Structure formats: C-alpha cells, structure tokens
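Report on the structure
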Amino acid sequence: MRWSLRGGWALGLGWLALGILAGSAGPARAEGPGAPDRFARGKAHVGVLGGYAFSLERYDGSRDVDHVRYAAVTSDWGIGLGDPVGGEAWYRGNWEVLVEGMALIETGPGSGHAGGAAFLLRYNWLRDGCFVPFVSAGAGILDLDFDLASQRDGFNFSLQAGVGSHVFVTRRLALTGEWRYQHISNAATGSPNSGMDMSGFFLGTTWFLD
C-alpha cells in the first residue's frame, strides 16, 4: 500500500496537534483542573467532535477510492469498565467502552454522505494533571452513499483505531483531540469492493457526567 501525500499530511497534522495539546497541559499538578477521578468503573461521559479525513492511496491513484475526502461529525457516550490499574507505574490507567454515532459528508472526488455507529474500546493513561492521553480501537457499520465507481454504496463495515488526548479545562469539561485511521468496506458482501483507508484528525469537547 502506498500512502498518498495527502494522507501523510493528515497523519503529520494529527501528531503535531497532539504534541501541542501535550505541551499545553504542562507538568502534572494535583491542584490543577485535571480529573483522574473521572475515570473509574461506571463513570460516564459524552462527547462531540468534528473532523476531516483524506484517503490513503492503495491503488497508485488509479481508483476513485484513492481520492476520497470527507468532513465528519461524531457523538459518543462512554463508560468506565473498571477502576484504574497499574498502581504508580507509567501505564497507570483504565479501560472504557464507547458507543459512537458518525455522520460523513463527502467533499471529493464527488459529493455524498454516510451515517453509522460503532463500538470502541479505549485505554486512558492517568496521572495527576489535566492531560489524559488515550488509544482506542473498534468496529461498526455505515450506510454509505458516496457514489464511487470502485466501492459499492449501501451497507458497509467500518474498522478504526486512533490516538488522542483529553485536556481538562474544568473538572468536568475537556477539550479532546484525536487522530484516527478508518477502513471502510463491505467485507466482500457486494461488488465492487475496493475499500477505503482514511486518515483524519478530530477536535471537540467531552463532558464528564459523574
């Protein structure tokens, strides 16, 4: 697979933005707005993020799935599966599960839209401060209407993984940034099925309920 320049820029932008967020968090301080106690068994949150994604080339630019771009809005609800683990180790954190809804608006090579939902598993690294990085991965379904010659519309699957961070501005409200990779295809249930590999960056807010 050959990644396009557009995909590389999207990936680089994601990592750069996460670095800026990390720097803005500053050193860990117990008296700061950070809220590690927001991450425990049964603790819930809701979030809304917006983003933009570019396709990663798989066919040397010869198919329209190599040139897809979309804007996206996501909303999620998450809940902690357990209390923090790891003691005082560097990997101290907790697991949570998220349910996410997503709406996509195709901006190239044509116009179209898609909507769906996914289940995600996320691990949060916790410390006494306002910066909480995380990794997540999951799968879902999409109703696709992108009118692509090399990818069938209708029922498709979505696999995704990402890295991101929360930066708390109050004990309940955090700014959230995430880079994510997304694969969209119908798992050979229909033809054509070239599949899309997307690289995107998302930014929004998360509100912690408990």
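Residues numbered from 1 in each chain as written. Predicted model: local features only at pLDDT ≥ 70, side-chain atom pairs only at ≥ 80, totals over all residues. Heavy atoms only, no water.

This brings us to unusual backbone geometry. Residue Pro 109 is bonded to the preceding Gly 108 through a cis peptide linkage, with omega at 0 degrees. Mapped onto the fold, Pro 109 is located in the loop between strand E3 (93–108) and strand E4 (112–125). In this structure, the amide linkage connecting Ser 191 to the following residue, Pro 192, adopts the cis form with an omega of 0 degrees. Relative to the assigned elements, Pro 192 resides in the loop between strand E7 (173–185) and strand E8 (196–208). Backbone geometry places Asp 60, a non-glycine residue, at a positive phi of 55 degrees. Note on Asp 60: relative accessible area 58%, which makes it exposed. (Helix = DSSP H or I, 4+ residues; strand = E, 2+ residues; numbered from the N terminus. Buried < 20%, exposed > 50% of the residue type's maximum accessible area, 1.4 Å probe, protein only.)

The next point concerns the environment of Leu 173. Here Leu 173 is to be found in strand E7. Placed 35 residues apart in sequence, Leu 173 and Phe 208 show a C-alpha to C-alpha distance of 6.4 Å. Residues in contact with Leu 173, not counting those within four places in the same chain, are Val 167, Phe 168, Thr 205, Thr 206 and Trp 207. (Contact = heavy atoms within 4.5 Å.)

This part is about the sheet that holds E7. As summarised here, the arrangement of the eight strands in space is E1-E2-E3-E4-E5-E6-E7-E8, forming a closed barrel in which the pairing is antiparallel. Direction aside, the axes of adjacent strands within the sheet are offset by 25 degrees on average. Where E3 meets E4, 14 bridges bridge the pair, whose relative direction is antiparallel. Each bridged residue has a counterpart across the sheet, and for Gly 93 the counterpart in E4 is Trp 125. (Pairing = 2+ DSSP bridges. Axes fitted to C-alpha atoms, helices over the stretch in contact; angles between N-to-C directions.)

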